[in-house]
Amino acid sequence: MTRAVVVDDSHFMRTVITDVLESGDIDVVAQATNGREAVEVVAEREPDVVTMDVEMPTMNGIEAVEEIMETTPTPVLMLSAHTEDGAEATFEAIDRGAIDVLAKPGGEVSTRISAHRDDLIEKVRSVARADVTVSAPDNSTATSVEPDDTYVENATIIIGASTGGPRVVESVLAGLPRSARFRVLIVQHMPDSFTARFAKRLDDRTEYDVKEASDGDRIGAGQALVARGDYHMEVSNYAKGRLRVRLTQNEARHGVRPAIDVTMETAAETITDPLTAVVLTGMGADGAVGVEAIKNAGGRTIAQNEATCSVFGIPARAIETGCVDDVLPADEVAQGILSTVRKPT
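Residues numbered from 1 in each chain as written. Predicted model: local features only at pLDDT ≥ 70, side-chain atom pairs only at ≥ 80, totals over all residues. Heavy atoms only, no water.

### Points about the overall build of the protein
Consideration 1: Along the protein, the regular secondary structure elements total 11 helices and 15 strands.
Consideration 2: Across the 345 residues that make up the protein, the buried fraction comes to 56%.
Consideration 3: Accessible surface, the protein: about 13800 Å² in total, of which carbon and sulfur atoms supply 42%. (Helix = DSSP H or I, 4+ residues; strand = E, 2+ residues; numbered from the N terminus. Buried < 20%, exposed > 50% of the residue type's maximum accessible area, 1.4 Å probe, protein only. Areas by Shrake-Rupley, 256 points an atom, 1.4 Å probe, with all protein chains shown as cover.)

Written out as structure tokens, the structure reads:
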């Protein structure tokens, strides 16, 4: 049975979260009211997973995550309010080692989290499986690009990730030079209130112009779109090196929306120029059908290897299709992409 510690400064929220988890056969072995208590309780009880509030007295969730990772490395799921400040703080926690995020519906203190029982239980179980010994790729060591490197024209890269993905996605995109003039589509399983902030971080930290996708958006060379939370991102049109996306709220695939498969399948159907599919760390099977579609359309495919994945689910299922060309460590994925589109000298 999965053993959890619940951390929240609200007694009401601790009780609600505990009741939800225990209804899903997750054993809540302890609770903590602030980050300092959390550090002590985690060291004492050694749980499989921690649910961590962000804003707390004495020590906040960001500081607690950092100290837990230094003293008793344990998978942490951040529970954050649907606010811009909440999203920014959550990404700081992910930078410090937190695995994933779930938005608190209704704000910091709300009964509405009970209505999302299945999402919370599934997310906690997924995060509990994460390997916290895997370190995030170091963007400062991104592969250098030779000045005379040239790439095929009008290449599109589609990157899909879930649990443990944000830091790896950032590393991969940071390793792609803007001079390569790719169009990049990113599908990261993430709550709808967090994808805009994720896009901004990628825009700030990479050479690409990155934004959260809106219905009807078009992108060209050197630009990237992040699928908006709670919407599938379909490639609806492609002409003269520019592609257009359509956002839909069609039925979830694999229990998720956006789904990697939707973006990859529609890209395979629509884009006639070079395509590369990349699947990174995450729980589940989303992306396997998409990888197969892109391979069958003549594209290239890459999966992150098990040793560097927080959760080796999505890449594993893709590899099982027999349609993955290269299986690479996280810090070699960008170079792997470049090798698929580099013109021979």
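Next, the rest of the story.
### Structural notes on the environment of Ala 307
Consideration 1: Inspection of the secondary structure assignment puts Ala 307 in the loop between strand S14 (300–304) and helix H10 (314–320).
Consideration 2: Residue class for Ala 307 comes out exposed when judged on its relative accessible area of 61%.
Consideration 3: As a C-alpha pair, Ala 307 and Ala 330 span 23 residues in sequence and 9.0 Å in three-dimensional space.

### Let's talk about the nonpolar core
Consideration 1: Grouped together as the largest cluster of nonpolar side chains are 62 residues, with contacts concentrated most on Met 52, Ile 159, Phe 182, Val 184, Ile 186, Leu 280 and Ile 337.
Consideration 2: Contacts of Val 184, omitting those with residues within four sequence positions, involve Ile 157, Ile 159, Leu 173, Tyr 208, Ile 219, Gln 223, Ala 224 and Leu 225. (Core = buried A, V, L, I, M, F, W, Y, C linked by side-chain atoms within 4.5 Å. Contact = heavy atoms within 4.5 Å.)

### Regarding the sheet that holds strand S3 (residues 49–53)
Consideration 1: Spatially, S2-S1-S3-S4-S5 is the arrangement adopted by the 5 strands of the open sheet, whose pairing is parallel. This sheet does not close on itself; its edge strands, each paired only once, are strand S2 (27–32) and strand S5 (100–104). Taking the axes of each pair of neighbouring strands and ignoring which way they run, one obtains an average angle of 25° across the sheet.
Consideration 2: When strand S1 (residues 3–7) meets S3, the two strands line up parallel, connected through 4 bridges. For Val 7, the partnering residue across the bridge sits in S3 and is Met 52.
Consideration 3: Sitting on the sheet, helix H2 (residues 35–45) touches S1, S2 and S3, and the angle it makes with S2 is about 145°.
Consideration 4: On the sheet, helix H5 (residues 117–128) packs against S3, strand S4 (76–81) and S5 and is oriented at approximately 145° with respect to S4. (Pairing = 2+ DSSP bridges. Axes fitted to C-alpha atoms, helices over the stretch in contact; angles between N-to-C directions.)

### A look at the pattern of salt bridges
Consideration 1: Within the structure shown, the criterion is met by 21 salt bridges.
Consideration 2: The shortest N-O distance in the salt bridge between Glu 170 and Arg 205 comes to 3.3 Å. Remark: Arg 205 occurs in helix H7 (residues 195–205) and Glu 170 occurs in helix H6 (residues 165–174); sequence separation between them is 35 residues.
Consideration 3: We classify Glu 170 as buried; its relative accessible area is 8%.
Consideration 4: What makes Arg 205 partly exposed here is its relative accessible area of 40%. (Salt bridge = Lys/Arg side-chain N within 4 Å of Asp/Glu carboxyl O.)

### Focus on the side chain of Asp 286
Consideration 1: Take Asp 286: it is sitting in the loop between strand S13 (275–279) and helix H9 (288–296).
Consideration 2: Among the polar contacts made by the side chain of Asp 286, one reaches the side chain of His 189 at a distance of 2.8 Å.
Consideration 3: Of the polar contacts made by the side chain of Asp 286, one reaches the backbone nitrogen of Ile 260; its length is 2.6 Å.
Consideration 4: Discounting residues that sit within four places of it in the chain, Asp 286 has contacts with His 189, His 254, Val 256, Pro 258, Ala 259, Ile 260, Asp 261 and Ile 314. (Polar contact = N/O pair within 3.5 Å; in protein donor to acceptor, adjacent residues only side chain to side chain.)

### Re the packing of H2 against helix H3 (residues 61–71)
Consideration 1: It is at 9 Å that the axes of H2 and H3 come closest, and there the two elements cross at 20°. Taken together, the axis directions place H2 and H3 in an arrangement best described as roughly parallel. Classified by chirality, the crossing of H3 by H2 is right-handed. Along the contact surface, H2 presents Gly 35, Arg 36, Ala 38, Val 39 and Val 42, while H3 presents Ala 64, Glu 67, Ile 68 and Thr 71. (Parallel < 35°, antiparallel > 145°, perpendicular 65-115°, else oblique. Left-handed = near helix turned anticlockwise from the far one by under 90°.)

### Regarding the pairing of S2
Consideration 1: Inspection of the sheet shows S1 paired to S2 by 5 bridges, in the parallel sense. By the bridge assignment, Arg 3 is partnered in S2 with Asp 27.
Consideration 2: Regarding topology, helix H1 (residues 11–23) serves as the crossover connection from S1 to the parallel S2, and that connection is right-handed. (Right-handed = clockwise from strand over helix to strand, strands pointing away.)

### Points about the pairing of strand S11 (residues 232–239)
Consideration 1: Both S11 and strand S12 (residues 242–248) contribute to a ladder of 7 bridges, which runs antiparallel. Of the residues in S12, the one forming a bridge with Tyr 238 is Leu 243.

### Side note on unusual backbone geometry
Consideration 1: Here Arg 257 and Pro 258 are connected by a cis peptide whose omega angle stands at 10°.
Consideration 2: Among the secondary structure elements, Pro 258 is positioned in the loop between S12 and helix H8 (260–270).
Consideration 3: The backbone phi angle of Thr 58 is positive, close to 70°, even though this residue is not glycine.
Consideration 4: Within the fold, Thr 58 resides in the loop between S3 and H3.
Consideration 5: Given the relative accessible area of 66%, Thr 58 is considered exposed.
Consideration 6: Phi angles above zero are rare outside glycine, and His 254 is one such case at about 55°.
Consideration 7: In this fold, His 254 is placed in the loop between S12 and H8.

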